[in-house]
Amino acid sequence: MIDLRLKVDPLPLDVPLIIRLREQTDVELGPHDVVLLDEDGDRREYDYNGFSVGVYTRSGESMDGDVLLLLPGQPSAHRLIRANSEHNTFLVTEQCDQLCVMCSQPPKKHHNDMFEHFALAALLAPQNSTIGISGGEPLLHKHRLFEMLSVVIETRPDIRFHILTNAQHLEPSDIECVASFGRDRVLWGVPLYSATPSVHDEIVGKVGAYKTLEQGLAVLLRAGASVELRTVVLQQNWNDLPALSEFISTRLGFISFWAVMQLERIGYGRMNWTSSFKDTSTDFDPLARAIDIASARGIQAWLYNSRPALFLRPIVRMPLQRFLTGNVSISIFAIVVMHAKLVVVFFSGMIMPRGFLHWGHYEVAVILDSVVLSGGVFSYENDSDANRRARLQKKSGPNRS
Ligand code: SF4
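For clarity, every value in this text was computed on a predicted model and none was experimentally measured. (Residues numbered from 1 in each chain as written. Predicted model: local features only at pLDDT ≥ 70, side-chain atom pairs only at ≥ 80, totals over all residues. Heavy atoms only, no water.)

**Overview of the side chain of Gln 168**
As for its placement among the helices and strands, Gln 168 is situated in the loop between strand 10 (160–164) and helix 3 (175–181). At 2.5 Å, the side chain of Gln 168 forms a polar contact with the side chain of Gln 98. A distance of 2.6 Å separates the side chain of Gln 168 from the side chain of Lys 206, its partner in a polar contact. Once residues within four sequence positions are removed from consideration, Gln 168 is found in contact with Asp 97, Gln 98, Lys 206, Ala 209, Thr 212 and Leu 213. (Helix = DSSP H or I, 4+ residues; strand = E, 2+ residues; numbered from the N terminus. Polar contact = N/O pair within 3.5 Å; in protein donor to acceptor, adjacent residues only side chain to side chain. Contact = heavy atoms within 4.5 Å.)

**With respect to the sheet that holds strand 14 (residues 301–304)**
With respect to topology, seven strands assemble into an open sheet ordered 8-9-10-11-12-13-14, the strand pairing being parallel. Each end of this open sheet is capped by a strand with a single partner; those strands are strand 8 (88–91) and strand 14. Here the strands of the sheet are splayed against their neighbours by 25 degrees on average, with no regard to which way each runs. Two elements, strand 11 (residues 186–191) and strand 12 (residues 226–232), share five bridges in a ladder whose sense is parallel. Its bridge partner lying in strand 12, Pro 191 is registered against Arg 230. The strands touched by helix 1 (residues 115–123) are strand 8, strand 9 (130–134) and strand 10; relative to strand 8, the strand with the most contacts, the crossing angle is about 170 degrees. Docked against the sheet, helix 5 (residues 209–222) engages strand 11 and strand 12, running at close to 160 degrees with respect to strand 11. (Pairing = 2+ DSSP bridges. Axes fitted to C-alpha atoms, helices over the stretch in contact; angles between N-to-C directions.)

**Considerations on the pattern of salt bridges**
Taken as a whole and judged by the stated rule, the model has 19 salt bridges. Across the pair Glu 45 and Arg 43 runs a salt bridge, and its minimum N-O distance is 3.1 Å. In this structure Arg 43 comes out as partly exposed when scored by relative accessible area, which is 23%. Salt-bridge contacts for Lys 108 lead to Glu 94; the nearest nitrogen and oxygen are separated by 3.3 Å. With Lys 108 in the loop between strand 8 and helix 1 and Glu 94 in the loop between strand 8 and helix 1, the pair connects residues that are 14 residues apart, well separated along the chain. For Glu 94, a relative accessible area of 25% gives the class partly exposed. The network of salt bridges with shared partners includes Arg 58, Glu 61, Asp 66 and Arg 79. (Salt bridge = Lys/Arg side-chain N within 4 Å of Asp/Glu carboxyl O. Buried < 20%, exposed > 50% of the residue type's maximum accessible area, 1.4 Å probe, protein only.)

**Notes on the pairing of strand 8**
Here strand 8 shows a clear split, with Asn 88 and Phe 90 buried on one side and none of Thr 89 and Leu 91 buried on the other. In the sheet, strand 8 pairs with strand 9 via four bridges, with the strands oriented parallel. Along strand 9, the bridge assignment pairs Phe 90 with Ile 133.

Structure (structure tokens):
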């Protein structure tokens, strides 16, 4: 469990305060640095220009370089930057213009403009950090967000951003600004749940969302931006996944990659679990087909938050079925390589601190690599041989059997 809020001793603040915790004294100190004076159990005392700042945290945990936001009258601080983490995200607003069935952070009406403080926190982040920008919908406050990005991108050439947005508030007049951020500095994470407008609109709870999203994606395309398309697997879009994959790989080939993820049991996802969760460990075929289509057309597809059973069942079952029925188009060597990799992935997942139920990019990339190696193990049962051969030839050249 990561502590994102830390108890602090009350300070007589009348405006928000950003501080960076320093445990080493041999580094150059700036005006926002507070230096560790003493540690007593879970309380650490820092010096801030002659004033004492008391912060409570787990004993032994390094907080050197962490950036905290302290708010007037609040007994806890927001830990905006954890210096030891690669995953720091600023929740810049809780307002949103959608009402997605799976929302993990259900929208709120009120908004506190803290962009100035987020900018300062980003400027104090460790070298080469990537900072997530999330909401709510960050682009509801587009001009403030763009100001913040401009300042940080210009001042800290090493910092990158990953912005999660529904992309519906981008307009042609933003192209120049988005382009100026740089393709390698900002990755735009944009959700697309179906290639059928009514299905997408129903999932996000907003009529016309798909059409506006198309315009937003066109802005990102024309700005030369890096885009990660994001799709949550749901009952609502389950049968649409192959068509969505077709759409992405034929119409949105400019994207950097496609992230496909399972529903998280939190927020509205928890509330709508029965009507939205799709158990891919019992039925994997439309998702397999979608991945196959994307991979064959050169789109990188990554799976997140998936259980081992999700992969193991079809991976083990389908080659076996094909072998037993004589419908084998993949080499024994490829299967052996693939399963060897799976064993490695399984055990590395078990010993990783984040737990084997949450595999990261690397492990999933290895699995997809195995799929490609195997020549399409995820191919579906009713695929004709002619189609399959055509796909494999496209992928691997005419000599692949
Ligand atoms: S998941 Fe949907 S409703 Fe929730 S913040 Fe994102 S866009 Fe808004």
